[in-house]
Amino acid sequence: MSADFVSLVLGRWLHILAGVMWIGLLYYFNFVQVDALKAAAADEPPSGAGISRHVAPRALFYFRYAALVTVLAGFMIMGPRTMDVLTFHPPYIGLGIGVWLGLIMFVNVWVVIWPNQKKVLGLVAASDDEKARARRTAFLASRTNTMLSMPLLLFMSTSYTLHRPLFGG
Amino acid sequence: MKWNPLDTLWGTVIAGLVLTVVLYLLARSMAGAP
């Protein structure tokens, strides 16, 4: 298997496959589940238990491992150009911004969202007060990732078509 | 509680659009584009 095959075919395919799952589930949480749970909590009696118990843990599993595969496949694509990209060396200025946004989002998933969601879902012991704080922290981190995904997708999707004409290099 | 654009979905989307424009202009500036 040649290095070009790993970088240009396998890495790119895995990156897009996992990235669609990661960002798709991020948008599911933010565009669908948050408001659905609010509406379910207002039902009499509250009807959101099924979502919290059966949907959210499965969605979070694929969400966090899709994030991991996306990042690893991203490094497969960059290969020996990784340092040039991470240090914004031309022509990788735009791509470098996209990669750093992705890395911030990845850390957010594993270091902020997942540990707090474990408390919210009752997978680790937490008082009601701790659960309320964890819910707020995970919510804001998830919304931050939704916000960051917008420039991320611009810089990633244009990395080969527009970077040189737009950004020079 | 202080107002936070991330509390609403559309506040989040607008913040994302603004950040996209800011980072796009920053990238152009870093690349020395006119």
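Data block above holds the structure.
Please read these numbers as outputs of a predicted model, since none were measured by experiment. (Residues numbered from 1 in each chain as written. Chains lettered and ligands numbered in written order. Predicted model: local features only at pLDDT ≥ 70, side-chain atom pairs only at ≥ 80, totals over all residues.)

(A) Quick peek at the overall build of chain A. Helix and strand counts for chain A stand at 6 helices and 0 strands. Here the C-alpha coordinates of chain A stretch approximately 60 × 35 × 25 Å along the principal axes. Taken over 169 residues, chain A has a buried fraction of 33%. Pairs at least 24 residues apart make up 73% of the contacts formed inside chain A by residues separated by at least 6 positions. (Helix = DSSP H or I, 4+ residues; strand = E, 2+ residues; numbered from the N terminus. Buried ≥ 20, exposed ≤ 12 C-beta atoms within 10 Å, placed from the backbone. Contact = placed C-beta atoms within 7 Å.)

(B) Geometry of the environment of Gly-102 of chain A. All names here are of chain A. Residue position: Gly-102 is located in helix α4 (residues 93-120). Here the alpha-carbon distance between Gly-102 and Phe-61, two residues 41 residues apart in the chain, equals 18 Å. Setting aside its immediate chain neighbours within four residues, Gly-102 contacts Val-71, Gly-74 and Leu-152.

(C) Inspection of the interface of chain B and chain A at higher detail. With 16 residues of chain B in contact, the opposing surface of chain A contributes 19 residues. Residue classes in the side of chain B that touches chain A are distributed as 11 nonpolar, 4 polar and 1 charged. (Nonpolar A, V, L, I, M, F, W, Y, C, P; charged D, E, K, R; others polar.)

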